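Observations on the three-dimensional arrangement
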Amino acid sequence: METPTVMQKTKFKTWAAAIFVWAFLGVWLSGMTAGLMAGACRNDRYEGTKKLRFCNISLAAAAWMKFSSLERAKGSRIELERGIALAQIGKPEKAVEAFEKALRDARAKAGPWEQELHQRMVQLEDRNTLILWVSVVEADR
């Protein structure tokens, strides 16, 4: 028969393994959700409210990753797409806030992040949204 200390050790190992598995699944599920929703958010097939929903879900699921400047810079594209969606549904003030955050986040880490935002906006056919973006970039200089 096992001594109580051996049983306690076994129980501890079981609990530790269970906690590790649940933590891994939480991180994995959050990352998968953020990635899938980010893909839909960046897709021009969706506009307005639907695009905004995808962007918001992606940003919420990836919120725990924003501790590093690199993750903020990489997420700036989703914030930009969120601003585009807000402009499409007629909320220019909130769109400007999203554009400002996207620009701030893109500048959090050296790299191609800000240039990618500008390239995305140049491809945009909606002139009103482009005007909002230009106003944000000019105000930030």
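This section reports on the structure supplied with the text. On a predicted model such as this, the values are computed, not experimentally measured, just so you know.

**Considering helix 4 (residues 92-106)**
- Compared with the 21 Å implied by 1.5 Å per residue over 15 residues, the 21 Å span of helix 4 between its first and last C-alpha is a close match.
- Every buried residue of helix 4 is listed here: Ala95, Ala98, Phe99, Ala102, Leu103, Asp105 and Ala106. Taken end-on, helix 4 shows its buried residues confined to a sector of 165°, consistent with a single buried face. Helix 4 presents Glu93, Glu97 and Arg104 as exposed residues on the side facing more than 90 degrees away from its buried surface.

**Looking at the state of the cysteines**
- Within this structure, the stated rule accounts for one disulfide.
- Between Cys41 and Cys55 runs a disulfide, and the two sulfur atoms are separated by 1.9 Å. Disulfide Cys41-Cys55: the torsion about the S-S bond is 80°, which places it as right-handed. Highlighted residues: Cys41 in helix 1 (residues 4-42) and Cys55 in helix 2 (residues 48-61), separated in sequence by 14 residues. As far as the burial class goes, Cys41 and Cys55 line up, both buried.

**Comments concerning the pattern of salt bridges**
- Enumeration according to the criterion identifies eight salt bridges in this entry.
- Arg120 serves as the salt-bridge partner of Glu81, at 2.6 Å between the closest nitrogen and oxygen. Here Glu81, found in helix 3 (residues 69-88), pairs with Arg120, found in helix 5 (residues 113-123); they are 39 residues apart in sequence, far enough to count as distant.
- Judged by its relative accessible area of 4%, Arg120 is buried.

**Comments concerning the nonpolar core**
- Core analysis: the biggest nonpolar cluster contains 22 residues, and Leu80, Ile84, Ala95, Phe99, Leu117, Met121 and Trp133 have the highest contact counts within it.
- Contributions of two or more residues to this core are made by helix 3, helix 4, helix 5 and helix 6 (127-140).
- If sequence neighbours within four positions are ignored, Ala95 has contacts with Gly83, Leu86, Ala87 and Leu132.

**Remarks on the layout of surface pockets**
- If you add up the space inside the largest pocket, you get close to 300 Å³.
- Taken together, 20 residues line the largest pocket, and the ones lying closest to its centre are Ala38, Lys66, Lys74, Gly75 and Ile78.
- Of all the secondary structure elements, the ones that give two or more residues to the lining of the largest pocket are helix 1, helix 2, helix 3 and helix 5.
- Looking at the lining of the largest pocket element by element, the count peaks at seven residues for helix 3.
- Here the lining of the largest pocket is built from residues that sort into nine nonpolar, five polar and six charged.
- When its volume is computed, the second largest pocket comes out at roughly 170 Å³.
- For the second largest pocket, the full set of lining residues is Asp44, Tyr46, Glu47, Lys51, Ile84, Gln88, Arg120, Gln123, Leu124, Glu125 and Asp126.
- Those elements that provide at least two residues to the lining of the second largest pocket are helix 3 and helix 5.
- A class-by-class count of the residues in the lining of the second largest pocket yields three nonpolar, two polar and six charged.

Reading guide: rules and limits
- Residues numbered from 1 in each chain as written.
- Predicted model: local features only at pLDDT ≥ 70, side-chain atom pairs only at ≥ 80, totals over all residues.
- Heavy atoms only, no water.
- Helix = DSSP H or I, 4+ residues; strand = E, 2+ residues; numbered from the N terminus.
- Expected span 1.5 Å × (residues − 1).
- Buried < 20%, exposed > 50% of the residue type's maximum accessible area, 1.4 Å probe, protein only.
- Arc of directions from axis to C-beta.
- Disulfide = S-S within 2.5 Å.
- Salt bridge = Lys/Arg side-chain N within 4 Å of Asp/Glu carboxyl O.
- Core = buried A, V, L, I, M, F, W, Y, C linked by side-chain atoms within 4.5 Å.
- Contact = heavy atoms within 4.5 Å.
- 1 Å grid on protein atoms, 1.4 Å probe; cavity = no way out; pocket = protein on both sides within 12 Å on 5 of 7 lines; lining within 4 Å.
- Points joined across faces, edges and corners; volume = space filled by probe spheres on them.
- Nonpolar A, V, L, I, M, F, W, Y, C, P; charged D, E, K, R; others polar.

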